[in-house]
Amino acid sequence: MDIRSFFKTILVSMGLAAGSLTGNAAPLRVEPPMWWTGMQTPLTLMIYGENIIGSNVTVDSPLITIKEIHNAQSPNYLFVDLAFADDITPGLYKFAIEKDGKQSAFEYR
């Protein structure tokens, strides 16, 4: 495994994306970097990416519901409220972000 592949694997496993809506190499940043099943506290993801405001966010799992997307005052942040099914299992879940026909994605643990 070369050094680029190694670092990309590390970033993806931490819940960070490997792309942006503009197609640049600048990655998205997602906080908190991971969550765990069984938590009773609601989860809001903070997603940072260049000019991400107004984007639509989707998830590829019926076990995760996107309750609401909040735009921040900064054009580079989104806040995404999530709800989890009681029977969700640990793993990586894929999220997509779309704005003006441009797409990006990230995996979240």
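One can find the structure itself at the top, above this paragraph.
Predicted model, so just to flag it, every value in this text is computed and none were measured.

## Considerations on the overall build of the protein chain
Turning to step 1, where the next piece is worked out: A count of helical and extended segments in the protein chain gives one helix and seven strands.
Turning to step 2, where the next piece is worked out: For the protein chain, the succession of helices and strands along the chain, N to C, is α-β-β-β-β-β-β-β.
Turning to step 3, where the next piece is worked out: Counting only residues that meet the buried cut, the protein chain has 29% of its 109 residues in that class.
Turning to step 4, where the next piece is worked out: Sequence separation of 24 or more characterises 52% of the internal contacts of the protein chain that already satisfy a separation of 6 or more.
Turning to step 5, where the next piece is worked out: Total accessible area on the protein chain is roughly 6700 Å²; 56% of this is exposed by carbon and sulfur atoms.

## Examining the packing of aromatic side chains
Turning to step 1, where the next piece is worked out: Following the criterion strictly, the structure yields three aromatic pairs and no others.
Turning to step 2, where the next piece is worked out: The interplanar angle of 85° and the centroid separation of 6.4 Å between the aromatic rings of Phe-95 and Tyr-108 together place this pair among those described as edge-to-face. Of this pair, Phe-95 sits in strand 6 (residues 93-99) while Tyr-108 sits in strand 7 (residues 102-108); the two residues are 13 residues apart in sequence, bridging distant segments of the chain. Across this residue pair, the class does not change: Phe-95 and Tyr-108 are buried.
Turning to step 3, where the next piece is worked out: Through successive ring pairs, a cluster of aromatic residues spans Phe-95, Phe-106 and Tyr-108.
Turning to step 4, where the next piece is worked out: Here the basic side chain of Arg-29 rests over the ring of Tyr-48, its NZ or CZ set 4.9 Å away from the ring centre.

## A few points about the sheet that holds strand 7
Two modes of strand pairing occur in sheets, parallel and antiparallel, and in both the strands are linked by backbone hydrogen bonds.
Turning to step 1, where the next piece is worked out: Pairing is antiparallel across the open sheet formed by three strands, whose spatial order is 3-6-7. The open sheet has two edge strands, strand 3 (56-59) and strand 7, and neither has a second partner. In this sheet, neighbouring strand axes are inclined to one another by 20° on average, regardless of whether the strands run parallel or antiparallel.
Turning to step 2, where the next piece is worked out: Sheet analysis places strand 3 next to strand 6, joined by four bridges and oriented antiparallel. Its bridge partner lying in strand 6, Asn-56 is registered against Glu-98.

## Thoughts on the environment of Tyr-93
Turning to step 1, where the next piece is worked out: Position of Tyr-93 among the secondary structure elements: in strand 6.
Turning to step 2, where the next piece is worked out: Owing to a relative accessible area of 13%, Tyr-93 belongs among the buried residues under this scheme.
Turning to step 3, where the next piece is worked out: Excluding anything up to four places from it in sequence, Tyr-93 contacts Asp-60, Ser-61, Leu-63, Ile-64, Ile-88, Phe-106, Glu-107 and Tyr-108.
Turning to step 4, where the next piece is worked out: Here the side chain of Tyr-93 touches Thr-89 through a polar contact of 2.6 Å, landing on its backbone oxygen.

## Focus: the pairing of strand 4 (residues 64-71)
Turning to step 1, where the next piece is worked out: One ladder, built from seven bridges, connects strand 4 with strand 5 (residues 77-84); its direction is antiparallel. Bridging from a neighbouring strand, Ile-66 pairs with Leu-82 of strand 5.

Rules and cut-offs
- Residues numbered from 1 in each chain as written.
- Predicted model: local features only at pLDDT ≥ 70, side-chain atom pairs only at ≥ 80, totals over all residues.
- Heavy atoms only, no water.
- Helix = DSSP H or I, 4+ residues; strand = E, 2+ residues; numbered from the N terminus.
- Buried < 20%, exposed > 50% of the residue type's maximum accessible area, 1.4 Å probe, protein only.
- Contact = heavy atoms within 4.5 Å.
- Areas by Shrake-Rupley, 256 points an atom, 1.4 Å probe, with all protein chains shown as cover.
- Phe/Tyr/Trp six-rings, centres within 6.5 Å; stacked < 30°, edge-to-face > 60°.
- Lys NZ or Arg CZ within 6 Å of the ring centre and 35° of its normal.
- Pairing = 2+ DSSP bridges.
- Axes fitted to C-alpha atoms, helices over the stretch in contact; angles between N-to-C directions.
- Polar contact = N/O pair within 3.5 Å; in protein donor to acceptor, adjacent residues only side chain to side chain.

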